[in-house]
Amino acid sequence: MNCREAQELIHGFADHELDLFWNLEMERHILDCPSCSGTHERLRAMHAVVGGNSLYFHPPAGLEDRLRANLRKGRRVDKVWTNAHSWRVTGMAATLALCIVGTWQVAGTRQGSSRAETIGQEVVASHVRSLMASHLTDVFSSDRHTVKPWFNGRLDFSPVVADFADRGFVLDGGRLDYLDNRAVAALVYHRSQHVINLFTWPTMRPNRDIRTFDRQGYHVFNWTKYHVAYWAVSDLNPEEMRNFAEMMRKTE
Amino acid sequence: MLRTTELVRFEKIVLPHLGAAFNLARWITGNDHDAEDVVQESYVRALKFFGGFRGENSRPWLLSIVRNTCLTWLQQNRFSGSTELDVEIDGREEESENPESILLAAAQSQMVRKAIEELPPEFREVIILREMEDLSYKEIANIASIPVGTVMSRLSRARSRLQELLSGARTSGVGA
């Protein structure tokens, strides 16, 4: 092993992430190489200093008690999800599962727009991240019969996967993403040079017509159909985005 | 009653990770007050999703919720000017034996703390998760929603950057 190879593996080595073979190779190299051995020492020193207790922020006294109290009351602490009492009445006698459903319903009726804003922001952030991290697709295929089954076992629902290649919106594939605190399906399309991310997941909300948001130069289109939320985002022009959204919404 | 049993189980499994949750939230938000809000919200969310938690390791699971709650928090606060870094020092954690080493350790940890605070958020995050929480690359990949390969390269860049900041050789470029 030469130093260039060793430098590539040295973080994995210091972090005990290499398999047995490469671990032995690294150990051997470090014995013979003062420079790589020095790097290794610095990494260990950094781990000792940064991982030391003095940089760890400890929770303030009483936080644990406040937390327990809050959890027992089932009270939400942020300002966005406020209306706890109405579902309390209806959901009191029900099981935990029903309580969760109750929260969802209240969430839907009460804080509609600010919640949508938050999700809209998450959607744009996810879109940007997917473009930056070159992690656009986990399953790369323009065949919806390949993309749709890929989600089986990875999600607790089966997303609608449509193909509009004949109308200029080409399916590139799909991947898992995380939005609104749950795993969601992200379907990736493109039209000319523009990438469209379509996020979808089940919801308790009623049907909702297409609405739009603009964020940081991206256009976000959202609708709900048959208890599935759809969020499409792209830098494609709004007219064509609306086209896409309408076609998608009409898909059964 | 199912709800109470579930809550007791939740408290037993998830509450012990309060320290890790607070530490991560505190490093991301930059102050105690917001960190506490984020942690409270994270636990409420975690309880809500606890029914779906099948995993064996609850700490990375909780941390992924904390991290997500932090992101939402950052998005809501980024433009309202609350990103100031308050570099307050509390000496209460120092545990060394003699006065001299206490001083040395305090000065050193203060310097390191400041350097970590100066890291870009995506670097700071992997440093906290790896060096402080000792999480595996796979666990970090799950929490930060990045491929495992990216964890190693990001850690490597984060560490060089931290090294740079610590040795005072701070240049304007981030380095390759």
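Everything numeric here is computed off the predicted structure, so don't read it as measured data.

### What to know about the side chain of B:D34
All names here are of chain B.
Turning to step 1, where the next piece is worked out: Note on placement: D34 falls in helix α3 (residues 32–49).
Turning to step 2, where the next piece is worked out: Only 2.8 Å separates the side chain of D34 from the side chain of N31, close enough to count as a polar contact.
Turning to step 3, where the next piece is worked out: In this structure, D34 is in contact with T29 and W73, ignoring residues within four places of it in sequence.

### A short note on the packing of helix α4 (residues 63–73) of chain A against α3(B)
Turning to step 1, where the next piece is worked out: In contact at an axis separation of 10 Å, α4(A) and α3(B) are set at 40° when each is read in the N-to-C sense. Between α4(A) and α3(B), the angle is such that the two are oblique. Read as a crossing pair, α4(A) and α3(B) show a hand that is right-handed. Listed contacts from α3(B) to A:L63, A:R66, A:L67, A:N70 and A:L71 of α4(A) are B:E36, B:V39, B:Q40, B:Y43, B:V44 and B:L47.
Turning to step 2, where the next piece is worked out: Split by residue class, the contact of α4(A) with α3(B) holds seven nonpolar, two polar and two charged.

### Some words on empty space enclosed by the protein
Turning to step 1, where the next piece is worked out: Tallied over the full model, the rule gives four cavities of 30 Å³ or more.
Turning to step 2, where the next piece is worked out: Estimated volume of the second largest cavity: approximately 100 Å³.
Turning to step 3, where the next piece is worked out: Together, 13 residues line the second largest cavity, and A:E122, A:R129, A:Y178, B:N68 and B:L71 are the ones closest to its centre.
Turning to step 4, where the next piece is worked out: Across the lining of the second largest cavity, the residue classes break down as four nonpolar, five polar and four charged.

### As for α3(B)
Residue pairs three or four apart in sequence face the same way in an α-helix, which turns once every 3.6 residues.
All names here are of chain B.
Turning to step 1, where the next piece is worked out: A rise of 1.5 Å per residue sets the reference length of α3, with its 18 residues, at 26 Å; its end C-alpha atoms lie 25 Å apart and thus fit the reference within 8%.
Turning to step 2, where the next piece is worked out: α3 sits mainly inside the fold: 14 of its 18 residues count as buried.
Turning to step 3, where the next piece is worked out: For α3, the side-chain oxygen to backbone nitrogen distance between the N-cap and H33 is 3.1 Å, and the N-cap itself is N31.

### Section: the confidence of the model for chain A
Residue and element names in this part refer to chain A.
Turning to step 1, where the next piece is worked out: With 83% of its residues at a pLDDT of 70 or more, chain A has an overall mean of 79.
Turning to step 2, where the next piece is worked out: Highest mean pLDDT in chain A belongs to strand β7 (residues 228–234) (94); lowest belongs to helix α5 (residues 84–91) (34).
Turning to step 3, where the next piece is worked out: Note on residues 75–111: pLDDT is under 50 here. Beyond four places in sequence and across chains, it has 53 contacts.

### Concerning a nonpolar patch on the surface
Turning to step 1, where the next piece is worked out: Together, A:M1, A:F21 and A:W22 make up an exposed nonpolar region whose accessible area comes to about 300 Å².
Turning to step 2, where the next piece is worked out: On the basis of relative accessibility, which here comes to 33%, the residue A:M1 falls in the partly exposed class.

### Let's talk about the pairing of strand β4 (residues 194–202) of chain A
All names here are of chain A.
Turning to step 1, where the next piece is worked out: Taken across its nine residues, β4 has seven buried, putting it largely inside the fold.
Turning to step 2, where the next piece is worked out: With seven bridges connecting them, strand β3 (residues 182–191) and β4 associate as antiparallel partners. Within β4, the position partnered with H190 by the bridge is V195.
Turning to step 3, where the next piece is worked out: Connecting the antiparallel pair β3 and β4 is a turn made up of two residues, with S192 showing a positive phi of about 45°.
Turning to step 4, where the next piece is worked out: Note that β4 and β7 share six bridges and pair antiparallel. The partner of W201 across the bridge, within β7, is A229.

### Some points on the packing of aromatic side chains
Turning to step 1, where the next piece is worked out: Across all of its chains, the model carries twelve aromatic pairs over all chains by this definition.
Turning to step 2, where the next piece is worked out: Residues A:W150 and A:F151 carry aromatic rings whose centres are separated by 5.1 Å and whose planes lie at 80° to one another, so their mutual orientation is edge-to-face.
Turning to step 3, where the next piece is worked out: Seen in terms of ring centroids, B:F10 and B:Y43 are 6.2 Å apart; in terms of plane orientation they differ by 85°. Their pairing is edge-to-face. Note that B:F10 is positioned in helix α1 (residues 2–14) and B:Y43 in helix α3, a separation of 33 residues in sequence.
Turning to step 4, where the next piece is worked out: Taking relative accessible area as the criterion, B:F10 reaches 0% and is therefore assigned buried.
Turning to step 5, where the next piece is worked out: By relative accessible area, which is 0% here, B:Y43 ends up buried.
Turning to step 6, where the next piece is worked out: Clustering of aromatic rings is evident, with ring pairs tying together A:F164, A:F169, A:Y189 and A:F244.
Turning to step 7, where the next piece is worked out: Residue placement shows A:R191 over the ring face of A:F169; its charged tip is 4.6 Å from the ring centre.
Turning to step 8, where the next piece is worked out: The positively charged end of B:R113 is found above the aromatic ring belonging to A:F57, 4.5 Å away from the centroid.

### Section: the pairing of strand β2 (residues 170–179) of chain A
Residue and element names in this part refer to chain A.
Turning to step 1, where the next piece is worked out: Taken across its ten residues, β2 has seven buried, putting it largely inside the fold.
Turning to step 2, where the next piece is worked out: Judged from the two bridges that link them, strand β1 (residues 139–140) and β2 form a sheet pairing that is antiparallel. Paired with V139 across the bridge in β2 is G174.
Turning to step 3, where the next piece is worked out: The pairing of β2 with β3 spans nine bridges and is antiparallel.

### Side note on the environment of A:V233
Turning to step 1, where the next piece is worked out: Note on placement: A:V233 falls in strand β7.
Turning to step 2, where the next piece is worked out: A relative accessible area of 0% places A:V233 in the buried class.

### Some thoughts on the confidence of the model for chain B
Residue and element names in this part refer to chain B.
Turning to step 1, where the next piece is worked out: Looking at chain B, pLDDT values average 78 and 76% of them are 70 or higher.
Turning to step 2, where the next piece is worked out: The spread of mean pLDDT over the elements of chain B runs between helix α5 (residues 99–118), the lowest at 74, and helix α2 (residues 18–29), the highest at 94.
Turning to step 3, where the next piece is worked out: With pLDDT under 50 throughout, residues 79–96 is counted as low confidence; its partners more than four residues away or in other chains account for 27 contacts.
Turning to step 4, where the next piece is worked out: Throughout residues 169–176 the model reports pLDDT below 50, and contacts reaching past four residues in sequence, or to other chains, amount to eleven contacts.
Turning to step 5, where the next piece is worked out: For this predicted complex, the interface confidence reaches an ipTM of 0.77, while the overall pTM sits at 0.52.

### Some words on α4(A)
Turning to step 1, where the next piece is worked out: Of all the positions in α4(A), only A:L63, A:L67, A:N70 and A:L71 are classed as buried. Angular distribution of buried residues about the axis of α4(A) spans 95°; they occupy a single face of the element.

Reading the values: rules and limits
Residues numbered from 1 in each chain as written. Chains lettered and ligands numbered in written order. Predicted model: local features only at pLDDT ≥ 70, side-chain atom pairs only at ≥ 80, totals over all residues. Heavy atoms only, no water. Helix = DSSP H or I, 4+ residues; strand = E, 2+ residues; numbered from the N terminus. Polar contact = N/O pair within 3.5 Å; in protein donor to acceptor, adjacent residues only side chain to side chain. Contact = heavy atoms within 4.5 Å. Axes fitted to C-alpha atoms, helices over the stretch in contact; angles between N-to-C directions. Parallel < 35°, antiparallel > 145°, perpendicular 65-115°, else oblique. Left-handed = near helix turned anticlockwise from the far one by under 90°. Nonpolar A, V, L, I, M, F, W, Y, C, P; charged D, E, K, R; others polar. 1 Å grid on protein atoms, 1.4 Å probe; cavity = no way out; pocket = protein on both sides within 12 Å on 5 of 7 lines; lining within 4 Å. Points joined across faces, edges and corners; volume = space filled by probe spheres on them. Expected span 1.5 Å × (residues − 1). Buried < 20%, exposed > 50% of the residue type's maximum accessible area, 1.4 Å probe, protein only. pLDDT = per-residue confidence, 0-100. Patch = residues over 30% accessible without salt bridge, like charges linked within 9 Å, V, L, I, M, F, W, Y side chains within 5 Å. Areas by Shrake-Rupley, 256 points an atom, 1.4 Å probe, with all protein chains shown as cover. Salt bridge = Lys/Arg side-chain N within 4 Å of Asp/Glu carboxyl O. Pairing = 2+ DSSP bridges. Phe/Tyr/Trp six-rings, centres within 6.5 Å; stacked < 30°, edge-to-face > 60°. Lys NZ or Arg CZ within 6 Å of the ring centre and 35° of its normal. Arc of directions from axis to C-beta.

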